[in-house]
Amino acid sequence: MNWLPILVAAFWLLGLVESASSYDYYRLPTALRPQKYDLRILTLLEHPENLRFSGTAKIVIEVLQNTNNITLHAKNLHINESQIVLKEISVEGNTDICISSTEVNSIHDFYILNTCKELLTDRVYELSLPFSAELNTQLEGYYRSSYVDPVTNGTRWISITQFAPASARSAFPCFDEPAYKAPFVVTLGYHKNYTGLSNMPVKETNAHESLSDFVWTEFQESVPMSTYLVAYSVNDFSSKPSTLPNGPQFRTWARANAIDQCDYAAEFGPKVLQFYDEFFGIKFPLPKIDQFAAPDLSYNAMENWGLVTYRESRLLYSASHSSVADKQELTYVVAHELAHQWFGNLVTMKWWTDLWLNEGFATYVGSLGVDKLHPDWHSRDRRSLSSLMTSFHLDALVSSHPISRPIEMVSQITESFDEISYEKGSSVLRMMHLFLEDEAFRNGLKSYLQMNAYKNAEQDNLWVSLTQAAHKTGSLPKDYDIKTIMDSWTLQAGYPVVNVTRDYEGGSATLSQERYIRNTDINRSDYGCWWVPLSYTTQGEKDFNNTAPKAWMKCSKTGESVPKTIDLLPRPEEWLIFNIQLSTPYKANYDARNWKLLIDTLNSGEFQSIHVINRAQLIDDVLYFAWTGEQDYDTALQVTNYLQRERDLIPWKAALDNLKLLNRLLRQTPNFGSFKRYMKKLLTPIYEHLNGMNDTFSSITQQDHVLLKTMVVNVACQYQVGDCVPKALAYYRHWRSEANPDENNPVPINLRSTVYCTAIREGSEEDWDFLWSRIEKSNVGSEKQTIIGSLGCSKEVWILQRFLERAFDPKGAIRKQDSLLSFQAVVSGEQGFPLAKNYLMENVEFMVAYYYPQTRSMARLLPPLCEQIATTNALNEFRAFVNKSQQSLKGVQQAVQQSLETMVTNVQWMERNYPQILSSLQRNL
């Protein structure tokens, strides 16, 4: 027997050696294309000490160019090379072809089989690869998950997949790139006490040929799809069916003792799926779709075609434990994932460069689905503003990246799953929807989906379809094309500030643009030009409904900005507002006189004459301009002063998100008291208007008002407004006095996060231990997250240190997916910040290993940390840490660069603005 191949495979699996490979490009060769996969996988869940799987991948391969090897992906798999079979399939019969040798490239996860003779163009071959591996604990590939059986109090194991973006290769050998679509026939072997699920419905189930009480379940052949969308699970879950007339079979799966929490998702899911059928004009193409609540999942959810997986907190809803915010977040996640069934699954990007075509579309179209089915939530504007503000914050850094970005390593794919792909992608699509109008936008999308169904596409394919639709309806001039306009938004990082200088006597305005960058050491004129659709209105007109562009700012053929003059503007005593309803992702800065006119209206009884989104825009814009010195803080605080009159959620959200950044810098200074007094001044009127900490939710008819009260009360307790803190403590004491606190919780559901955090911040060790003990006894995912987020509010250093240790204990009560939430909770607190910072610096190697290969989680530890570093000494300390830890941090280089730049801008802000904001606060108290 030849032991060499087995030893090589074993050493490879252990990572002890790396075979030299003759092929070292990051993309697969183009000589071969899979035509079909036949996967046969046996999963063993009966013995916790040996949770494994084994199987065979049979791949039918078409040869496009003569080649002497087969290069595909495989990672951390033991491949029994003595049983590999390659044969040519022809009309005359099958001919075996020997494998002369194999190579491994562990940098790109290539497994290369060198053949004894050349594989010929237009011939078809079948490759059979036997493989096996452990069901891992890393929440990617084919992995294990568990829950506690409430009857036996024992651990129950299940298996589940997470293949996006590039982990199918660690479950079976495959061509693991999105453009290599093929049909899949999946057959799962497992003990008969379990259920098998995959992308398609069950075709047949038969007894295992040699293992008693085991079965093989074969699923129907799938439509052509990318490997990252393949999914399967072996589990003992229960399901809740939904009724969907003339639609696919629709089921929602969860642990048996949580199936009662599936009712809402099982009701909403089919409705939003039906909305997409109509919106896209294309029926959902599979015969079934399952929603699956996984106890452990690295992402909030994953859009696997026909088997969508979710974290429990993003699929399960309990009316007695989940807040309005929890319910709305669940709704958006479901709408987002089901939108992917068209954008991402039916039509898939050719390469991860265009990840935003998946994520930006699912984010934007998902918001349309929620708004259609829950118009009473008034949530579409709020989600649009949230997307804009989130992307504005990150995209103001030079170290940001374009929406469509080159990808040359797997780690770069993971880095792209960020606010730019999701939130900025959504924002530019909304911009395009508004300037194209509904008919052209929907017709263009429908044409794009029909032309590329079951295939792959690039953003240019979308631009062609939309340009044709826009010219047909007349919503875009014939000499304009979508590619020219949209490339300026997707192929360069950042966004513009449009500077508006009015000629008050001449009734005109001159507009110029430059990239907005927070780092004031950077020359903005060196960066880019955008095609900007210009919508605007005046104080006399007040037309905030017309978001169509009245003019365009254009770029020259060499990419330079062309100044624009607007005529026929209002009288000198009237204000002018650009960017109606924030229809385009840019910031508008005005001359001092126009700002004064806007401030006068905001601080009068006429403030509601300005659209609610534009009130939020003015707050967000002026605070950004004050940050970089384009406006002074006197102007900014005169804008925010009007909030004493404001009673709408959207402007308050814009204000509090911005003011939170100032809080984190100023609370480290001796004059924080002035900022606290200013915040109390703003918050007291609305706190009293909303009846403060009292449980008045049952009398509130609109959910946006519930969210407003939830948000305001939370911030009010942080600043000790009114009776907020004593009432929160009273609620908590009442709960602690309950004989059965897990069954009877008198704290209002929508105030629980605030009450818990306040009680932990002001309370004792016993208060903390009481809340900690609720984690293991809770059966509701969203409730567990509320508790975990609140446990970091303590002021006790030793309690916070203990919490950090527990958060990263692999065998502890906090699951790996929630450790990030724990860290963020600690680092956000005044006492927790230095502890969390030191914990990260001292344990970085352990934390990288803990999350590996989920570098995305590691990257998300950094933003709440870097936002609080604002001194040169602290910046230098972090730089030294980065230099010392380069090897550990190499998978999160983008996050590190963004963090360093954020710290630099904080230091700049303190040096430039600290004295000024103190005097401005004093004048506005």
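All of these numbers come straight from a predicted model, not from anything done at the bench.

J.: Which residues make up unusual backbone geometry, and what values do they have?
T.: That bond from Ala 164 to Pro 165 is cis: its omega, -5°, falls within 30 degrees of zero. Assignment of secondary structure puts Pro 165 in the loop between strand S11 (155-162) and strand S12 (184-191). With an omega of 0°, the peptide bond running from Tyr 852 to Pro 853 counts as cis. For Pro 853, the position within the fold is in the loop between helix H24 (844-851) and helix H25 (855-859).

J.: Would you mind going over empty space enclosed by the protein in detail, with residue names and values included?
T.: Per the counting criterion, the structure on display carries five cavities of 30 Å³ or more. Considered as a void within the structure, the largest cavity measures approximately 90 Å³ in volume. Lining the largest cavity we find His 393, Leu 397, Arg 518, Trp 627, Leu 661, Leu 665, Glu 867, Thr 902, Thr 905 and Asn 906. The set of elements that each furnish at least two residues to the lining of the largest cavity consists of helix H14 (649-666) and helix H28 (893-924). Per-element accounting of the lining of the largest cavity gives the leading share, three residues, to H28. What the second largest cavity holds in volume is close to 40 Å³. Considering the residues around the second largest cavity, the lining is formed by Arg 518, Leu 623, Trp 627, Tyr 633, Asn 658, Leu 661 and Leu 662. Sorting the residues of the lining of the second largest cavity by element identifies helix H12 (612-628) and H14 as the ones contributing at least two each. No other element matches the three residues that H14 contributes to the lining of the second largest cavity.

J.: Now, about the packing of H12 against H14: what can you tell me, with residues and values included?
T.: Two elements in contact, H12 and H14, have axes whose closest approach is 7 Å; the angle formed by their N-to-C orientations is 20°. As judged from the angle between their axes, H12 and H14 are roughly parallel. For the crossing formed where H12 meets H14, the hand is left-handed. Contact residues: Val 612, Ile 613, Arg 615, Ala 616, Ile 619, Asp 620, Leu 623, Tyr 624 and Trp 627 in H12; Ile 650, Pro 651, Ala 654, Ala 655, Asn 658, Leu 662 and Leu 665 in H14. Class assignment for the residues of the contact of H12 with H14 results in 13 nonpolar, one polar and two charged.

J.: I'd love a proper account of the state of the cysteines, names of residues and values included.
T.: Within this structure, the stated rule accounts for four disulfides. The disulfide bridge from Cys 98 ends at Cys 116, spanning 1.6 Å between sulfur atoms. Looking along the S-S bond of the Cys 98-Cys 116 disulfide, the torsion reads about -120°, which is the left-handed sense. Of this pair, Cys 98 sits in the loop between strand S6 (94-97) and strand S7 (99-105) while Cys 116 sits in strand S8 (residues 110-119), and the two are 18 residues apart along the sequence. Here Cys 116 falls in the partly exposed class, since its relative accessible area comes to 42%. Across the disulfide from Cys 717 sits Cys 724; the S-S distance is 2.1 Å. On the sign convention where negative is left-handed, the bridge of Cys 717 and Cys 724, at about -100° about the S-S bond, is left-handed. Exposure class is identical for Cys 717 and Cys 724. Each is buried. Taken in N- to C-terminal order, the disulfide-linked cysteines of the chain are connected 1-2, 3-4, 5-6, 7-8.

J.: Lay out the sheet that holds strand S18 (residues 249-254) with the relevant residues and their values.
T.: Here five strands make up an open sheet; going across it, the order is S17-S18-S19-S21-S20 and the pairing mixed. The open sheet terminates on both sides in strands that have one partner only, identified here as strand S17 (238-242) and strand S20 (301-302).

J.: Which residues make up the confidence of the model for the chain, and what values go with them?
T.: Across the chain, the average pLDDT comes to 94, with 98% of residues at 70 or higher. Contacts for the low-pLDDT stretch residues 1-20, under 50 throughout, to residues beyond four places or in other chains number 23 contacts.

J.: Any details on the pattern of salt bridges? Residues and values, ideally.
T.: Taken as a whole and assessed by the stated rule, the structure comprises 41 salt bridges. Here Glu 630 makes a salt bridge to Arg 524, at a shortest N to O gap of 2.4 Å. Taken together, the positions of Glu 630 in the loop between H12 and helix H13 (633-640) and Arg 524 in the loop between strand S25 (508-515) and strand S26 (532-534) put the pair 106 residues apart, joining distant regions of the chain. On the basis of relative accessible area, Arg 524 is assigned to the buried category, the value being 12%. Each of Asp 109, Arg 169 and Asp 176 takes part in salt bridges that share partners, so that together they form one network.

J.: If you had to explain the sheet that holds strand S16 (residues 232-235) to someone new, which residues and values would you point to?
T.: The antiparallel open sheet is built from four strands, whose spatial order is S10-S11-S16-S13. Because the sheet does not close on itself, it has two edges, and the strands there are strand S10 (141-148) and strand S13 (195-198). The average undirected angle you get between the axes of adjacent strands in this sheet is 15°. Sheet topology note: the S13/S16 ladder contains four bridges and is antiparallel. By the bridge assignment for S16, Gly 196 is matched with Val 234.

J.: A description of the side chain of Ser 313 should follow, citing residues and the corresponding values.
T.: Positionally, Ser 313 belongs in the loop between strand S21 (307-311) and helix H3 (324-339). Given a relative accessible area of 7%, Ser 313 falls into the buried group. Here the side chain of Ser 313 touches Gln 785 through a polar contact of 3.5 Å, side chain to side chain.

J.: Please provide a residue-by-residue account of the nonpolar core, values included.
T.: Judged by nonpolar contacts, the single largest core of 289 residues is most densely connected at Phe 172, Tyr 232 and Phe 578. Sorting elements by how many residues they give to this core places H28 first, with 12 residues. Aside from chain neighbours lying at most four places away, what touches Phe 172 is Tyr 37, Leu 39, His 73, Leu 77, Phe 131, Phe 163, Phe 184 and Tyr 232.

J.: Pulling in residues and values, what's your account of helix H4 (residues 355-373)?
T.: Helix length check: H4, at 19 residues, gives a terminal C-alpha distance of 27 Å against a target of 27 Å (1.5 Å per residue), a fit within 8%. Along H4, 16 of the 19 residues are buried, which leaves the element largely enclosed by surrounding structure.

Procedures and definitions
Residues numbered from 1 in each chain as written. Predicted model: local features only at pLDDT ≥ 70, side-chain atom pairs only at ≥ 80, totals over all residues. Heavy atoms only, no water. Helix = DSSP H or I, 4+ residues; strand = E, 2+ residues; numbered from the N terminus. 1 Å grid on protein atoms, 1.4 Å probe; cavity = no way out; pocket = protein on both sides within 12 Å on 5 of 7 lines; lining within 4 Å. Points joined across faces, edges and corners; volume = space filled by probe spheres on them. Axes fitted to C-alpha atoms, helices over the stretch in contact; angles between N-to-C directions. Parallel < 35°, antiparallel > 145°, perpendicular 65-115°, else oblique. Left-handed = near helix turned anticlockwise from the far one by under 90°. Contact = heavy atoms within 4.5 Å. Nonpolar A, V, L, I, M, F, W, Y, C, P; charged D, E, K, R; others polar. Disulfide = S-S within 2.5 Å. Buried < 20%, exposed > 50% of the residue type's maximum accessible area, 1.4 Å probe, protein only. Pairing = 2+ DSSP bridges. pLDDT = per-residue confidence, 0-100. Salt bridge = Lys/Arg side-chain N within 4 Å of Asp/Glu carboxyl O. Polar contact = N/O pair within 3.5 Å; in protein donor to acceptor, adjacent residues only side chain to side chain. Core = buried A, V, L, I, M, F, W, Y, C linked by side-chain atoms within 4.5 Å. Expected span 1.5 Å × (residues − 1).

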